[in-house]
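Each chain, written out:
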Amino acid sequence: MLNIKNLKVSVENKLILNDLNLKINPGEVHAIMGPNGSGKSTLANVLSGKKGYEIQGEILFDELNINDISVEERAQKGIFLAFQYPVEIPGVNTNVFLRTSLNSIRKSKGEKELDTLTFLKLIKEKAKELGIDEKFLSRQLNVGFSGGEKKKNEILQMKLLQPKLSILDETDSGLDIDALKIVADGVNSYKKKDNAFLIITHYQRLLDYIKPDFIHVLSKGKIVKTGSAELALELEKSGYKNL
Amino acid sequence: MKNQNLNINQEYKYGFTTDIESIKAPKGLSEESIKFISNIKKEPSWMLDWRLKAFKRLKTLKEPNWQKPKYPKIDYQDLYYYSAPKSSSNKPKSLDEIDPKIIETYKKLGIPLVEQQRLNGIAVDAVFDSVSVATTFKEELTKKGIIFCSISEAIQKHPELVKKYIGSVIPLSDHYFATLNSAVFTDGSFVYIPPNTRCPMELSTYFRINASETGQFERTLIIADKGSYVSYLEGCTAPMRDENQLHAANVELIALDDAEIKYSTVQNWYPGDKDGVGGIYNFVTKRGICKGKNSKISWTQVETGSAITWKYPSCILQGDNSVGEFYSIAITNNHQKADTGTKMIHLGKNTKSKIISKGISAGFADNTYRGLVDINEKATNSRNYTQCDSLLMGNKCGAHTVPYIKNKNSTSTIEHEATTTKINEEQLYYCNQRGLDQEEAVSLIVNGFCKEVLQQLPMEFAVEAQKLVAISLEGSVG
Ligand SMILES: Nc1ncnc2c1ncn2[C@@H]1O[C@H](COP(=O)(O)OP(=O)(O)OP(=O)(O)O)[C@@H](O)[C@H]1O
Ligand SMILES: [Mg+2]
């Protein structure tokens, strides 16, 4: 599904990702761990198509080179990024935003747009699964949401948009224990054999709930170690310094 | 007469012309053309005298030049001051008598004039060039004693009301364009709401400039008698032409004791093409007086069209405890220019005013908020709150805020907040990541930015206005 080959990314001549290789197949869950500033969010942004980076190497998504494809087209093709810091958009009703988003993606696939009523029914269902109070849906997008509420809202969008590749950038940071469990359940219930996850996290505890197939350690712009779920336990004990 | 349509540009969908025979006043500004207008409207002599007085006064006035947008000199002798579809020169008495071509025009504009289609509960007065062609729902309103008709009809049928109030808010000699309008105004709407009456439906006027080389000078007069309420909407469009056309309207509102007038405008005159050729000069004088105690006037405007917009819908808060509000969205794209804002003149005690202005500038456009808050010595315990937000797209456009503030007593307070921001890249990125393309993203973010104003509009208009916001900004980012 995703195949990253020799990816080098720099910003203003500063090299952030250096010769990174990563392959993700449908149905797999990959976790990326690594010290602060090692380039995890940068990787997520680059995969989503964010502008402002100099890029070398190849990013293939479903065999297609997407290096030159816009952010929205990548989203429409099924790449979803749950942001580390979701942005607030004042004056924009959350429901309206979610519906516009879903309909843009449906339109791009040649599917019929959902009318307001059908949409509301759908979104209420999904919100309920995540224990999100309906009232949030009529508030302005992310405005005044607590850290945890913003993160839950990202997972709600993931479940609504049904992406092929979900990139979660520290979605677990700042969540209380109950919220963490809800988010993990959200991810687990969406896990299917034809979609995949790339989960960026600092904490082993998320991985107690979501079992990754692979754990990669990113350091100084490179994947320095790849292992199974046990690697997280090891890191928890001895940190990154031995790597 | 025939008009050629300019190369149709996708964004302005109202740019068509209706090919229809029209009657025109002699070209140029003269006593002769004023008499022609007055005569064709069968006006009483006091009205003609009033016009001629204005004309005399006009000759002593100069066009103002303090505004930010400059424009090439207008040749007032090269304009027609009256143009009307031939078929309506003897005003049609019912809808069946209106030229089907005009009905078709309004249908294309989304404004059905024909009876069975008027289910949306909005009474419409439609002004085509210089004359009012139809006023719908008249009978239903008449039952309540509400008068809603063209100003021409009002001059004939309700001279006592017109005589009493016309020019009472915007004096004859106010300034160049207002005085010009007083001399040559052609049509517009007249509304009178009797005491203790709540107007049961939105009243609306739809202005359409069709003929070329024509100025549109409409005059609207709205009187809300004691304890009454009315919500009035106006919409405007014009064909696309490479000449600039002048639109100089006067609107006067009068609210007596405990009355409330809500006046909303969606202005979408042709803005000119991408290079700034053509478009309407929208030089409009709008002023309301809260004459009675506890009265209220609220202006809401969505200004997206015109090459130049130059207007300051204002409130004179004369009655004690009266309230004035101004909610504005002004969008300028390409080479459009806007210099708009409001004046809140506090005269009565405990008067309150609120100003919310959202200016959006894109392309090479220039957008100025200019406003005056003047709290008089006797207007004790008065309050003003002003908030002006400007949003810039790209770096070739401009936004300016020019607030004039005068507080002449110590018990009153004025609060002013202003922000200028660029469209937020992180917000755009977030929207894009959720599948919205650049235009959808801009539309969503800008509509969010304008929300406080948009929610002031009646429902039917709010939806239209949101679409208009999106259309006006097409191609402005990325
Ligand atoms: N636009 C930018 N301009 C300059 N430096 C940048 C830019 N974006 C990222 N960097 C730098 O690149 C490095 C990697 O940043 P990134 O946000 O990807 O780290 P991270 O692994 O996600 O860290 P954390 O765990 O703290 O979230 C950091 O040193 C950061 O300062
Ligand atoms: Mg990060």
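In what follows, the structure referred to is the one given above.
The paragraphs below set out a description of the structure included in this document. Just so you know, these numbers come straight off a predicted model, no measurement behind them.

Quick notes on the overall build of chain A
Looking only at helices and strands, chain A has eight helices and 12 strands in total. On the principal axes, the C-alpha backbone points of chain A span a range of 55 × 40 × 35 Å. For chain A, with 243 residues in total, the buried portion stands at 53%. Taking as baseline every contact in chain A between residues at least 6 positions apart, the subset at least 24 positions apart corresponds to 68%. Counting only carbon and sulfur atoms, one obtains 49% of the accessible surface of chain A, whose full area is about 11,300 Å². Measuring between centres, the 36 positive side-chain charges of chain A sit 1 Å from its 32 negative side-chain charges.

What about the side chain of Glu43(B)?
Residues and elements named next belong to chain B. Following the sequence through the fold, Glu-43 ends up in the loop between α1 (31-40) and α2 (45-58). At a separation of 2.7 Å, a polar atom in the side chain of Glu-43 contacts the side chain of Arg-51. When sequence neighbours within four positions are dropped, the list of residues in contact with Glu-43 reads Ser-38, Leu-48, Arg-51 and Ile-155.

A few points about the interface of chain A and chain B
Each partner contributes residues to the interface: chain A has 30 residues there, and chain B has 18 residues. Around 2,000 Å² of area is buried between chain A and chain B when both sides are counted, 61% of it from carbon and sulfur atoms. It is Glu72(A), Phe83(A) and Val87(A) that lose the most area in chain A upon contact with chain B, and together they represent 24% of the buried surface on that side. Here chain A and chain B share three salt bridges between them. A salt bridge links Glu426(B) to Lys50(A); the nearest nitrogen and oxygen atoms lie 3.1 Å apart. Across the chain A-chain B interface, the total number found is 15 residue pairs in polar contact (both at pLDDT 80 or more).

Let's talk about the pattern of salt bridges
Residue and element names in this part refer to chain B. Under the definition given, this model contains 26 salt bridges over all chains. With its nearest N and O atoms 3.0 Å apart, the salt bridge here joins Glu-153 to Lys-157. Of this pair, Glu-153 and Lys-157 both sit in helix α5 (residues 151-157), four residues apart, which is roughly one turn of the helix. Arg-219 is the salt-bridge partner of Glu-252, the closest N and O atoms lying 2.9 Å from each other. Linking Glu-252 in strand β11 (residues 250-255) with Arg-219 in strand β8 (residues 219-224), this pair joins segments that are 33 residues apart in sequence. Like Arg-219, Glu-252 is buried. By sharing partners, the salt bridges in this structure join Asp-257, Asp-258 and Lys-293 into a single network.

Describing the site of ligand 1
Residues and elements named next belong to chain A. With respect to spatial proximity, 14 residues lie near ligand 1, and among them Gly-37, Lys-40, Ser-41, Thr-42 and His-202 are the closest. Contact between ligand 1 and Asn-36: an oxygen atom at 3.1 Å from a side-chain N or O atom of the residue. Gly-39 places a main-chain nitrogen or oxygen 3.0 Å from an oxygen atom of ligand 1. Here ligand 1 has 640 Å² of accessible area as a free molecule, and 64% of this is covered by the chains. Only β2 (14-24) and α1 (40-48) provide two or more residues apiece to the shell around ligand 1. Counting residues per element, the shell around ligand 1 draws most heavily on α1, which supplies three residues. The class makeup of the residues in the shell around ligand 1 is three nonpolar, eight polar and three charged.

Focus on the layout of surface pockets
In this structure, the largest pocket occupies an estimated 1,100 Å³ of space. Lining the largest pocket are 34 residues, and of these Val96(A), Thr100(A), Leu444(B), Asn447(B) and Gln466(B) lie nearest its centre. Residue assignment for the lining of the largest pocket shows that the elements contributing at least two residues are β7 (89-93), α3 (94-108) and α4 (116-129) of chain A together with α9 (438-449), α10 (451-454) and α11 (459-472) of chain B. Of the residues that constitute the lining of the largest pocket, the class distribution is 13 nonpolar, 12 polar and nine charged.

What about the coordination of the magnesium ion (ligand 2)?
Octahedral six-donor coordination of a metal ideally yields angles of 90 or 180 degrees, compared with 109.5 degrees for tetrahedral four-donor coordination. Listed as protein donors to the magnesium ion (ligand 2) are Ser41(A) (OG) and Gln84(A) (OE1); their distances from the metal cover 2.0 to 2.3 Å. Taken as a pair, Ser41(A) in helix α1 and Gln84(A) in the loop between β6 (79-82) and β7 lie far apart in primary sequence, 43 residues in all.

As for the environment of Thr332(B)
Residue and element names in this part refer to chain B. Position of Thr-332 relative to the elements: it lies in strand β17 (residues 323-332). Residues Thr-332 and Ala-365 lie 33 residues apart in sequence; the distance between their C-alpha atoms is 5.6 Å. Excluding anything up to four places from it in sequence, Thr-332 contacts Lys-337, Ala-338, Ile-360, Ser-361, Ala-362, Ala-365, Asp-366 and Asn-367. In terms of polar contacts, Thr-332 uses its side chain to reach the side chain of Ser-361, at 3.2 Å. One polar contact links Thr-332 to Asn-367, side chain to side chain, over a distance of 3.3 Å.

A word on the packing of α4(A) against helix α5 (residues 147-161) of chain A
Residue and element names in this part refer to chain A. At a closest axis distance of 10 Å, the pairing of α4 and α5 adopts a crossing angle of 130°. As summarised for this structure, α4 and α5 are arranged oblique, according to the angle between their axes. Crossing of α4 against α5: the hand is right-handed. Contact residues: α4 offers Phe-119, Leu-122, Ile-123, Lys-126, Ala-127 and Glu-129, while α5 offers Leu-156, Lys-159 and Leu-160.

Digging into the packing of α1(B) against α2(B)
Residues and elements named next belong to chain B. Relative orientation of the contacting elements α1 and α2 amounts to 155°, with a least axis distance of 10 Å. On the basis of their axis angle, the class for α1 and α2 is roughly antiparallel. The two elements α1 and α2 cross, and the hand of that crossing is right-handed. Where α1 abuts α2, its residues Glu-31, Ile-34, Lys-35, Ile-37 and Ser-38 lie against Leu-48, Arg-51, Leu-52 and Phe-55. Here the residues of the contact of α1 with α2 are counted per class, giving five nonpolar, one polar and three charged.

Section: the pairing of strand β12 (residues 222-227) of chain A
All names here are of chain A. Note: strand β11 (residues 214-219) against β12, five bridges, orientation antiparallel. Bridging from a neighbouring strand, Ser-219 pairs with Lys-222 of β12. The turn joining β11 and β12, which pair antiparallel and follow one another in sequence, is formed by two residues; a positive phi near 50° is taken by Lys-220.

Reading the values: the criteria
- Residues numbered from 1 in each chain as written.
- Chains lettered and ligands numbered in written order.
- Predicted model: local features only at pLDDT ≥ 70, side-chain atom pairs only at ≥ 80, totals over all residues.
- Heavy atoms only, no water.
- Helix = DSSP H or I, 4+ residues; strand = E, 2+ residues; numbered from the N terminus.
- Buried < 20%, exposed > 50% of the residue type's maximum accessible area, 1.4 Å probe, protein only.
- Contact = heavy atoms within 4.5 Å.
- Areas by Shrake-Rupley, 256 points an atom, 1.4 Å probe, with all protein chains shown as cover.
- Lys, Arg positive; Asp, Glu negative; His and termini not counted.
- Charge placed at Lys NZ, Arg CZ, Asp CG, Glu CD.
- Polar contact = N/O pair within 3.5 Å; in protein donor to acceptor, adjacent residues only side chain to side chain.
- Buried area = accessible area lost by both parts, 1.4 Å probe.
- Salt bridge = Lys/Arg side-chain N within 4 Å of Asp/Glu carboxyl O.
- Near = heavy atom within 4 Å.
- Nonpolar A, V, L, I, M, F, W, Y, C, P; charged D, E, K, R; others polar.
- 1 Å grid on protein atoms, 1.4 Å probe; cavity = no way out; pocket = protein on both sides within 12 Å on 5 of 7 lines; lining within 4 Å.
- Points joined across faces, edges and corners; volume = space filled by probe spheres on them.
- Donors = N, O, S within 2.8 Å, 3.2 Å for Na, K, Ca; no water.
- Axes fitted to C-alpha atoms, helices over the stretch in contact; angles between N-to-C directions.
- Parallel < 35°, antiparallel > 145°, perpendicular 65-115°, else oblique.
- Left-handed = near helix turned anticlockwise from the far one by under 90°.
- Pairing = 2+ DSSP bridges.

Don't take any of this as a statement about function, it's just geometry.
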